[in-house]
Amino acid sequence: MSLLAEVSALDSASSDAAVSEKAAVTESAPVSDSALDTESAKAPLVSLSALTKSFGDVAVLKGIDLEVRPGEVVSIIGRSGSGKSTLLRCINQLEQHDGGAIHVAGKLLDGSEMDAAALAQDVGMVFQSFNLFPHKRVGENVMLAPMLVKGVARDIAEREAREMLAKVGLGEKFDAWPSQLSGGQQQRVAIARALAMHPKVLLCDEITSALDPELVGDVLKVLEQLKREGMTLILVTHEMNFARDVGDRVIFMHQGRVHESGDPATLFANPATEELRQFLGAVL
Ligand SMILES: Nc1ncnc2c1ncn2[C@@H]1O[C@H](COP(=O)(O)OP(=O)(O)OP(=O)(O)O)[C@@H](O)[C@H]1O
């Protein structure tokens, strides 16, 4: 994979989807700006309907319906192999879905190259393994995608990288090498790198799983801060306390389906199915 393709896959940028959506609405009927803003705030940012995905003969996603609204924090939990990562990877098209529909920021993703370019402008992703470029300093890691993918000028990219690093508590690490940072710090750089593209939604795939326990808290604090700032987050997580205390909604996946979903307090206190009861019994 080329550096640019790699960066594009890892990061994201802003999009004109909302603008075109607004234009379409305005053409059909005169609507005030504030009414449009209210409408777009209510519209789902990510919408999946009857989503399916197989690897060979193995059906991994068996018809997923999910809507995530702007500012929502959705935690996806479930046993190993239930399809959680595949679901996230379909949303940012690292995996191509087989059936059903995915809309992000009002745009239907159909696997075309146009999609990939547009999607790279809306969706950021942070992975379990931080994937920083070891031969680039921390600041360069954060600046790279805005410059290569969006054509942002170096001085502006540097200013924004410094802002994003400060946001994740690493303002003083701009000139450090990734190898000089702890795992938790590297993961926070990976978050800063995704944020530098101003994504509309941030996907996080088990981003604390590779960390020593004492480093997990700082990464979760960054996520809590992003939630407070109104960022839309979809997280595959094994951090049940985070899912219960910080998330707005929990999705429990089982054998490729959304088996239960709901507000965290209810779902954790009163699981409706034996499968969720057993899962919680094993992880809590
Ligand atoms: N690229 C692939 N090729 C073949 N099979 C795959 C591929 N990616 C995932 N799978 C299979 O799909 C199933 C679901 O995998 P997935 O990683 O989505 O599960 P998960 O719920 O995220 O699991 P974990 O919690 O262990 O990460 C597993 O059986 C896995 O082996």
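About the criteria used
Residues numbered from 1 in each chain as written. Predicted model: local features only at pLDDT ≥ 70, side-chain atom pairs only at ≥ 80, totals over all residues. Helix = DSSP H or I, 4+ residues; strand = E, 2+ residues; numbered from the N terminus. Buried ≥ 20, exposed ≤ 12 C-beta atoms within 10 Å, placed from the backbone. Pairing = 2+ DSSP bridges. Contact = placed C-beta atoms within 7 Å. Axes fitted to C-alpha atoms, helices over the stretch in contact; angles between N-to-C directions. Near = placed C-beta within 6 Å. Nonpolar A, V, L, I, M, F, W, Y, C, P; charged D, E, K, R; others polar. Parallel < 35°, antiparallel > 145°, perpendicular 65-115°, else oblique. Left-handed = near helix turned anticlockwise from the far one by under 90°.

Enquirer: I'd like a rundown of the environment of Gly217, residues and numbers included.
Expert: With respect to the element layout, Gly217 can be found in helix H9 (residues 213-228). In this structure Gly217 comes out as partly exposed when scored by C-beta crowding, with 13 C-beta atoms within 10 Å.

Enquirer: Provide a residue-level description of the sheet that holds strand E1 (residues 46-55), including the pertinent values.
Expert: In spatial order, the strands read E2-E1-E4-E5; together these four strands make up an open sheet with antiparallel pairing. What marks the edges here is a single partner per strand, and that holds for strand E2 (58-68) and strand E5 (107-108). Where E1 lies against strand E4 (residues 99-104), five bridges are found, and the strand directions are antiparallel. Bridge pairing links Val46 to Val104 in E4. Contacting E1, E2 and E4, helix H4 (residues 84-91) crosses the sheet at an angle of about 60 degrees to E2.

Enquirer: How would you sum up the site of the ligand? Please name residues and give values.
Expert: Near the ligand you find Phe55, Val60, Gly78, Ser80, Gly81, Ser82, Gly83, Lys84, Ser85 and Thr86, and these make up its full shell. Per-element accounting of the shell around the ligand gives the leading share, three residues, to H4. Class assignment of the residues belonging to the shell around the ligand gives a composition of two nonpolar, seven polar and one charged.

Enquirer: Break down unusual backbone geometry for me, with residues and values.
Expert: Most peptide bonds are trans, and most residues other than glycine sit at a negative phi. A positive phi angle, close to 50 degrees, is found at Ala50, a residue other than glycine. Mapped onto the elements, Ala50 comes out in strand E1. Residue class for Ala50 comes out exposed when judged on the 12 C-beta atoms lying within 10 Å of it. Backbone geometry places Asn131, a non-glycine residue, at a positive phi of 60 degrees. With respect to the helices and strands, the residue Asn131 is situated in the loop between strand E6 (123-126) and helix H6 (138-150).

Enquirer: Tell me about the sheet that holds strand E8 (residues 232-236), residues and numbers included.
Expert: Strands in a sheet are paired, the pairing made by backbone hydrogen bonds, and the direction either parallel or antiparallel. On the basis of which strands lie adjacent, the open sheet formed by six strands has the order E6-E7-E8-E3-E9-E10 and mixed pairing. Edge positions in the sheet fall to E6 and strand E10 (257-262), since each has one partner strand and no second. The average angle at which neighbouring strand axes cross in this sheet is 20 degrees, direction not considered. Here five bridges tie strand E7 (residues 201-205) to E8, and the two strands are oriented parallel to one another. The partner of Val201 across the bridge, within E8, is Thr232. Here helix H8 (residues 183-195) sits on the sheet and contacts E6 and E7; the angle it forms with E6, its principal contact strand, is near 170 degrees.

Enquirer: How would you sum up the environment of Ala192? Please name residues and give values.
Expert: With respect to the helices, strands and loops of the structure, Ala192 is situated in helix H8. Since 27 C-beta atoms lie within 10 Å of it, Ala192 is described here as buried. Sequence separation between Ala192 and Ser47 is 145 residues, and the spatial gap between their C-alpha atoms is 25 Å. Those residues in contact with Ala192 that lie beyond four places of it in its chain are Val142, Met164, Leu165, Lys167, Val168 and Leu170.

Enquirer: Residues and numbers for the packing of H6 against helix H7 (residues 154-167), please.
Expert: Orientation of H6 relative to H7, taken along the N-to-C sense of each, is 125 degrees, at an axis distance of 9 Å. Relative to H7, the element H6 lies oblique. Crossing handedness for the pair H6 and H7: right-handed. Within the contact between the two elements, H6 uses Val138, Gly139, Val142, Met143, Pro146 and Met147 and H7 uses Arg154, Ala157, Glu158, Glu160, Ala161, Met164 and Leu165. Tallied by class, residues from the contact of H6 with H7 come to nine nonpolar, one polar and three charged.

Enquirer: Tell me about the pairing of strand E3 (residues 73-78), and please be specific about residues and values.
Expert: Summarising burial for E3: six of the six residues are buried, a large majority. The side-chain alternation of E3 yields two buried faces, one formed by Val73, Ser75 and Ile77 and the other by Val74, Ile76 and Gly78. Here E3 runs beside E8; their pairing, made up of four bridges, is parallel. Across the sheet, Ile76 pairs through a bridge with Val236, a residue of E8.

Enquirer: So what's going on with the pairing of E4? Which residues, and what values?
Expert: Remark: a regular strand shows side chains that alternate across the two faces of the sheet. For E4 and E5, the ladder comprises two bridges, and the chain directions are antiparallel. Counted as the bridge partner of Val104 is Lys107 from E5.

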